[in-house]
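Descriptive analysis of the structure
These are the residues of each chain, in order.
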Amino acid sequence: MEQIMNQLLVIGATGSVGRLVVARALADETSVRVLVRDQRRAEKLLGSDNIEFVVGDATDPDVMAKAVDGVQKIILTHAAHQPREALEAVDYGIVKLVLTAVSGRKVRIALMTSFGVTAPEQPQNQNLGILDLKRRSERLLRVSGHDYTIVRPGWFDSNADDERSIVFLQGDKLRSGRPEAGRIARDEIARVLVESLDTPSANKKTLELIAEPGTEQEDLTLLFDRLLPDVAGSSDGALDPDTLPISAEPEPFVSDLRTISATASA
């Protein structure tokens, strides 16, 4: 039972960042559980040593309940692409399912979304609502009562070889229209997600993640220390612009916020 209680669950484990999260956690001698659709494919991508596989659809409540059973930590790197229905069920819906499934106990959660989530005018959001859905998933986590870190990375692997100095930002001022706006290596995203779970000063903080010219830091504690915590009781990140007012949100999303928040205070 002790081993189970110390397990990390990774959702999105076979994705380009999720694989690196699993590898990093295993290198740190963390016991890892993954939720995957296809175990054979996952074993080819991740290996099988010291990994527990839960097989099924992450949008299925029964599967999710099995996946979260007993774990203390969860990292979510999942993402859909299209159509709109899949985005809502995956990018937003999986976070909702996780929080529902862990109701009544405390877990530490690291959620990867994207920088630019507070910019609804961006083309990909106008077409599919993807940024709004990611922002709504963040809001659920903030009101859940769980310990968390929300990481909004820039463009994956668009950084040059000499751009390895990790930078944390807040206020979501970057825009993701092109890599020059902000970029970060996938392995560094994985590192930040994994280390956030065991860094006290990373708790209840939201950050944008990019890299600048220079070498990678040996210790990220100071970077986490300098971040402002999210305001208690607020569903938005510290310094986030109010570009998606709760008062203007469709009722289903407001209802979900109320439900998750009520569970936290129960």
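Up top you'll find the structure we're talking about.
So, the overall build of the chain
- Assigned secondary structure in the chain consists of ten helices and ten strands.
- Whereas a compact globule of 266 residues would reach a radius of gyration of roughly 18 Å, the chain reaches 17 Å, a difference of no more than 12%.
- Counting over 266 residues, the chain shows a buried share of 52%.
- Pairs at least 24 residues apart make up 76% of the contacts formed inside the chain by residues separated by at least 6 positions.
- Accessible surface for the chain amounts to roughly 12,200 Å². Of this, 50% is attributable to carbon and sulfur atoms.

Overview of the sheet that holds strand S1 (residues 8-11)
- What the eight strands build is an open sheet, ordered S3-S2-S1-S4-S5-S6-S10-S8; its pairing is mixed. With partners counted over all chains shown, the strands left at the sheet margins are strand S3 (51-55) and strand S8 (165-169), one partner each. On average, adjacent strands in this sheet sit at an angle of 20 degrees to one another, irrespective of strand direction.
- Both S8 and strand S10 (residues 205-212) contribute to a ladder of five bridges, which runs antiparallel. Bridging across to S10, Ser-165 finds its partner in Glu-212.
- The strands touched by helix H3 (residues 39-46) within the sheet are strand S2 (32-36) and S3, with S3 carrying the most contacts at an inclination of about 150 degrees.
- Here helix H4 (residues 61-68) sits on the sheet and contacts S1, S2, S3 and strand S4 (73-76); the angle it forms with S2, its principal contact strand, is near 170 degrees.

Comments concerning unusual backbone geometry
- Phi angles above zero are rare outside glycine, and Asp-157 is one such case at about 55 degrees.
- If you trace the backbone, Asp-157 turns up in the loop between strand S7 (155-156) and S8.
- With a phi close to 55 degrees, Lys-204 is a non-glycine residue in the positive phi region.
- Its place among the elements puts Lys-204 in the loop between helix H8 (186-196) and S10.

Quick look at the pattern of salt bridges
- Throughout the structure, instances matching the rule amount to 25 salt bridges.
- Close ionic contact of Asp-240 with Arg-152 constitutes a salt bridge, the shortest N to O distance being 2.7 Å. With Asp-240 in the loop between helix H9 (221-225) and helix H10 (251-265) and Arg-152 in strand S6 (residues 147-153), this pair connects stretches of sequence that are 88 residues apart.
- By relative accessible area, which is 0% here, Arg-152 ends up buried.
- In this structure, the salt-bridge partner of Glu-251 is Arg-258, at a minimum N-O distance of 2.5 Å.
- Residues joined by salt bridges that share partners form a network here, namely Arg-24, Arg-164, Asp-187, Glu-188, Arg-191, Glu-195 and Glu-216.

Criteria and thresholds
Residues numbered from 1 in each chain as written. Predicted model: local features only at pLDDT ≥ 70, side-chain atom pairs only at ≥ 80, totals over all residues. Heavy atoms only, no water. Helix = DSSP H or I, 4+ residues; strand = E, 2+ residues; numbered from the N terminus. Rg over C-alpha atoms; globule rule 2.2 N^0.38 Å. Buried < 20%, exposed > 50% of the residue type's maximum accessible area, 1.4 Å probe, protein only. Contact = heavy atoms within 4.5 Å. Areas by Shrake-Rupley, 256 points an atom, 1.4 Å probe, with all protein chains shown as cover. Pairing = 2+ DSSP bridges. Axes fitted to C-alpha atoms, helices over the stretch in contact; angles between N-to-C directions. Salt bridge = Lys/Arg side-chain N within 4 Å of Asp/Glu carboxyl O.

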